[in-house]
Amino acid sequence: MRLLLFVALLVCLSAHGNNTLPQNSNLINREANVLAMQDQDKFGHSRHNPFFDMGAWHGHLLNAQKQPGLGALALLNEEYLNYFANEFERLEVLHNNQVVALDVTQYSLPGALVQELTTSHIHIRHSLRFVDARTSVLRTEVIKGHNLTLNYRGKLLEHFHAKEQKLNKQTIAARFNTLNLHWQQREQDIVLNLGRTRDSYNLMTSGSAQFSITRSIESTHTVQANTYQSSISMSQGQTLYSRYRYILDEHELTAWPAKVDWFALKTQFAQSALRWQQRITQATAGITSTAGQRIAVKSVQTLIGNWRSPAGALQFDTVSPSVTARWFSGNQTWPWDSWKHIAALAHFEPELAKAHMRAVFAEQIQPNDAVRLQDAGMLPDLIAYNRSAQRGGDGSNWNERNTKPSLATWALHILFEQTKDKALVKEMLPKLIAYRTWWHTNRDSNHNGLMEYGATRDKAHNNPQGELLFYHNNQAMYGLDALAQARAQGGEIDIPALTAASWESGRDHAATFGFISNIQLKEYISTGGNRSDWEVQLAPVFRANGDHAGFVIDQESVDQSSYFANEAKRLSELAKDIGDIDLHKKMAQEYATLKIAIQECMYSDEHGFFFDVYTKHHGNQCQAIAQRGMGPEGWSPLFNGIATDEQAAQVRKIMLDEQHFNTRVPLGSAAKSNPAFGADIYWRGRVWLDQVYFGLKGLSDYGYDSDARMLAAKLLNNGDGILDSAPIRENYNPLTGEQQGAPNFSWSAAHLYLMAKENWFAD
């Protein structure tokens, strides 16, 4: 154990031994001046990038004014990120009772926040690390100086909301009158209790949540309602450890006791440095360029920062889309995102990847489910800390209106390649087959193996009789006949089941599902198009026993059909690996059949591209839905190895055409030529890095690796902030490269990492 501590100390010291910053420092900006509990950017997300690790539910920042001590404190209130202090552990140093002005050098590292505080006769080093899923530790080393008094102070934020640095005058106390925030002293601890608040979409606390501070050296505390101060006497050679612990409910009070084993905590602190060193070494193995290594490390930090340990309804570790995003925080978990996270994590955190997969499948609908028997095998679209009211909770985010595309086996296959864990494959195969069976039963209305997206039977989609719900000029109406009449009359029509079907694709409100702005639709009609070209039909779907199981849209989707075919191939390979020869043969045959069907039915010779097709067709006499323009679904057959070489060559031409997808930041969510294209529209123009990766991987796999490298270079050089300390974003503007959407976005990080592993990034 002493050797471990000594090695870890050498690792830490080597990072600070000269005036140059350590390698991989400040890849993500961890400095902030926080104005309010919700301090938002123009997209409504956090302006700041707090440091999280170990699946913890609290995070830290450095002060942007480079004040000694820590900066802001962020707490995850079940499903939402909120800031509670901008001045947290602000340090004042006195020498012989005189305040000392300290020079401050500070930076972030993978796994740590560091400050060097110096004068001619004083040197104090701060290092903050996480040691477990509820605990962070600030180590304060007095390297030089005698007869010092260290005063750590904290002050709670007052205001509730600020957007783009414009402060709203509403206070936290006025907004949440049951939260009752105040610091108090409990024996030698300083404690912040959070009163019970159930404000959906803002802040949810159990009434037992608390944040505590404990010191390793005897200190004198002064505590008032919104402030505290700890005074400690120290001299050269002494080290202070301050333990910060955040627990979310009364059950965790037992699991995470207040008493500290300081020797164990110091050991854990040392292990953090070694853990991160090993993680980075493993993550960057085989990446040949400096740019690729930099992107890989930045991506790893992003993914680990979004790791959440078990809490609430989720009993496994998971990775949320973004700890700093307004709607994606806490332990909110989507299958679509998860498969991408797992594909990256498999290379450097395989045990977290396994837990992440188990977290998703733990909520798979069972055959005896009391809520939706008709959906046995389905994976809900979103699971989180709080279950829905339908499931006995009070959460507003939990969603069972749809699922997500079939990439689970792709992720498992990558995880198996990295770990060779046959036990995991045996555990997951029955779950994957149940999920696949659900797709066959509930999303293939003509039983030809080509998949349709749809929506479950749900109060958001239909009345108790199963009739489709829609809104005509904001008035609720029911039934497919009524929908046809409303469309004939004109006016605004909103169909929740169609929205859920687009969610199911993972490409919300994409053009292929009929979504287009009114201005764009008028322009389309003015050039000879028909309004009906953008009107998507829906049909009820029934199980074999006659149960109404929801709705499907009247088109077979080329991306899900391609994922589904590739899944059959990978299931076949995994089954062979564990000796299940019957499943191996069955899936191999299904793959062969689907591959030919996609090649013959969903490729348009006229356009040289793949499209969704209308459901009603005979054999391979299919009608491409080309009038809604081209999107990334068109290169899904390349990513999944479905296209013929000739088809891939034609798709490549479209992808490289500057009038279609080869924009400043390439491979956007709609072609520039698409009638519904908008550079700032969520899934009708913005560049999403998963679709970029799918496109580059498809090109590379079909022999166009130089094209993949060229497009990757455009992404890296023109995507704003990717190469500097800005957070990795949800998406980017295809024409300008501007950052858009959620910061610190996991699936963007996952796919940047996978691109780096492919060595597509050159220096």
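Refer to the structure printed above.
Residues numbered from 1 in each chain as written. Predicted model: local features only at pLDDT ≥ 70, side-chain atom pairs only at ≥ 80, totals over all residues. Heavy atoms only, no water.

What about the state of the cysteines?
Stated precisely, the cut-off is as follows: When the sulfur atoms of two cysteines come within 2.5 Å, that pair is taken as a disulfide. A run of H or I in DSSP becomes a helix once it reaches four residues, and a run of E becomes a strand once it reaches two; helices and strands are each numbered from the N terminus. Residue exposure (1.4 Å probe, protein chains only): buried if accessible area is under 20% of the type maximum, exposed if over 50%, otherwise partly exposed.
Per the stated rule, a full pass over the model turns up one disulfide. At a sulfur-sulfur separation of 1.8 Å, the disulfide partner of C601 is C622. Negative torsions about the S-S bond denote left-handed disulfides, and the value of about -110 degrees found for C601 with C622 makes this one left-handed. Taken as a pair, C601 in helix α14 (residues 581-601) and C622 in the loop between β33 (613-614) and α15 (636-639) lie far apart in primary sequence, 21 residues in all. Judged by its relative accessible area of 7%, C601 falls in the buried class. For C622, a relative accessible area of 21% translates into the label partly exposed.

Describing the pairing of strand β29 (residues 538-542)
Walk down a regular strand and you will see the side chains alternate between the two sheet faces. This is how the line gets drawn: In this description, strands pair whenever DSSP reports at least two bridges between them.
Two elements, β29 and strand β30 (residues 548-556), share five bridges in a ladder whose sense is antiparallel. For L538, the partnering residue across the bridge sits in β30 and is I553. Hairpin remark: β29 followed by β30, antiparallel, with five residues in the connecting loop; positive phi at G546, about 95 degrees.

A few points about helix α8 (residues 408-419)
Think of an α-helix as turning once every 3.6 residues; residues three or four places apart then point the same way. Quick note on the threshold: One less than the number of residues in a helix, times 1.5 Å, gives the span that helix is expected to have.
An ideal rise of 1.5 Å per residue puts 16 Å on twelve residues; α8 measures up with 16 Å between its terminal C-alpha atoms. Burial runs high along α8: nine of the twelve residues are buried. At the exit of α8 stands K420, carrying a positive phi of roughly 55 degrees.

Points about the sheet that holds strand β36 (residues 739-743)
Taken together, the three strands give an open sheet; going across it, the order is β34-β35-β36, and neighbouring strands pair in antiparallel fashion. Edge positions in the sheet fall to β34 (687-688) and β36, since each of these pairs with one other strand and no more. As defined by bridge partners, β34 adjoins strand β35 (residues 729-732) across two bridges and the pair is classed as antiparallel. For V687, the partnering residue across the bridge sits in β35 and is Y732.

Considerations on the packing of helix α7 (residues 350-361) against helix α9 (residues 422-442)
Using the following cut-off: In this analysis, axes come from line fits to C-alpha atoms, helices being fitted only over the stretch in contact, and the angle between any two N-to-C directions falls in the range 0 to 180 degrees. Roughly parallel refers to an angle under 35 degrees, roughly antiparallel to one over 145, roughly perpendicular to one between 65 and 115, and oblique to any angle outside these ranges. Should the near helix be turned anticlockwise from the far one by less than a right angle, the crossing is left-handed, and should it be turned clockwise, the crossing is right-handed. Working rule for contacts: check all heavy atoms of both residues, and any pair within 4.5 Å makes them a contact. By the convention adopted, Pro, Cys, Tyr, Trp, Phe, Met, Ile, Leu, Val and Ala count as nonpolar, Lys, Arg, Asp and Glu as charged, and the other residues, Gly among them, as polar.
It is at 12 Å that the axes of α7 and α9 come closest, and there the two elements cross at 25 degrees. In terms of orientation, α7 and α9 fall into the roughly parallel class. As α7 packs across α9, the resulting crossing turns out to be left-handed. Counted together, K354, M357, R358 and F361 of α7 and L424, E427, M428, K431 and L432 of α9 form the full contact between these two elements. Within the contact of α7 with α9, the residues separate by chemical class into five nonpolar, no polar and four charged.

Regarding α7
For α7, spanning twelve residues, the distance from its first C-alpha to its last is 17 Å, which sits close to the expected 16 Å at 1.5 Å a residue. Burial analysis of α7 places nine of its twelve residues in the buried class, the great majority of the element. Buried residues belonging to α7 abut α5 (290-305), β23 (307-308), β24 (318-319), α6 (335-345), α8 and α9.

Observations concerning the sheet that holds strand β26 (residues 469-472)
One open sheet accounts for three strands, arranged β27-β26-β28; its pairing is antiparallel. Both edges of this open sheet fall to β27 (475-478) and β28 (493-494), since each of them pairs with a single strand only. In terms of strand pairing, β26 meets β27 through four bridges, oriented antiparallel. Bridge pairing links F470 to M477 in β27. The strands touched by helix α10 (residues 480-489) within the sheet are β26, β27 and β28, with β26 carrying the most contacts at an inclination of about 20 degrees.

Quick word on the pattern of salt bridges
How we decide: When a carboxyl oxygen of Asp or Glu lies within 4 Å of a side-chain nitrogen of Lys or Arg, that pair is called a salt bridge.
For the coordinates displayed, the defined rule picks out 38 salt bridges. R372 is the partner of D375 in a salt bridge, and the nearest nitrogen-oxygen pair spans 2.7 Å. For the residue pair D375 and R372, the accessibility class agrees, reading buried in each case.

Notes on the side chain of Q40
Definition in use: Any pair of nitrogen or oxygen atoms within 3.5 Å is treated as a polar contact; in protein, a donor-acceptor pairing is required on top of that, and neighbouring residues in sequence qualify only through side-chain atoms on both sides.
Here Q40 is to be found in strand β2 (residues 38-40). Taking relative accessible area as the criterion, Q40 reaches 8% and is therefore assigned buried. Of the polar contacts made by the side chain of Q40, one reaches the backbone oxygen of G44; its length is 3.5 Å. Polar side-chain contacts of Q40 include one of 3.1 Å to the side chain of H161. Setting aside residues no more than four positions away along its own chain, Q40 makes contact with H45, R47, H161, A162, K163, E164 and R326.

A short note on the packing of aromatic side chains
To be explicit about the condition: Working definition: a ring pair exists when centres of Phe, Tyr or Trp rings (six-membered ring for Trp) sit within 6.5 Å. Plane angles under 30 degrees give stacked, over 60 give edge-to-face, the rest tilted. Whether a charge sits over a ring comes down to the Lys NZ or Arg CZ being within 6 Å of the ring centre and within 35 degrees of the ring normal.
Inspection of the entire model under this criterion finds 38 aromatic pairs. Seen from their ring centres, Y241 and F269 are 5.9 Å apart, and the 85 degrees between their planes marks the pair as edge-to-face. Remark: F269 occurs in helix α4 (residues 262-284) and Y241 occurs in strand β22 (residues 239-247); sequence separation between them is 28 residues. A relative accessible area of 8% means that Y241 is categorised as buried. The class of F269 is buried, set by a relative accessible area of 2%. Plain terms: the ring middles of F639 and Y693 are 6.4 Å apart, the flat faces sit at 70 degrees to each other, and that makes the pair edge-to-face. Linking F639 in helix α15 with Y693 in helix α17 (residues 689-701), this pair joins segments that are 54 residues apart in sequence. The exposure classification of F639 matches that of Y693, with both residues buried. Residue placement shows R279 over the ring face of W276; its charged tip is 4.4 Å from the ring centre.

A look at the nonpolar core
Applicable threshold: Only buried residues count toward a nonpolar core, which is a set of Ala, Val, Leu, Ile, Met, Phe, Trp, Tyr and Cys residues joined through side-chain atoms within 4.5 Å.
Residues W339, W410, F610, L696, L752 and M755 are the most contacted members of the largest nonpolar core, which totals 137 residues. Those residues in contact with F610 that lie beyond four places of it in its chain are V558, I598, M602, Y603, G634, P637, L638, A643, Q647 and V651. L81, L157, F160 and V323 belong to the second largest nonpolar core, which has 61 residues in total.

Focus on the packing of α9 against α14
Look at α9 against α14: their axes get within 14 Å of each other, and the N-to-C directions meet at 35 degrees. Between α9 and α14 the crossing geometry is left-handed. Every residue of α14 that contacts α9 at L429, I433, R436 and H440 is listed here: L583, M587, E590 and L594. Taken together, the residues of the contact of α9 with α14 sort by class into five nonpolar, one polar and two charged.

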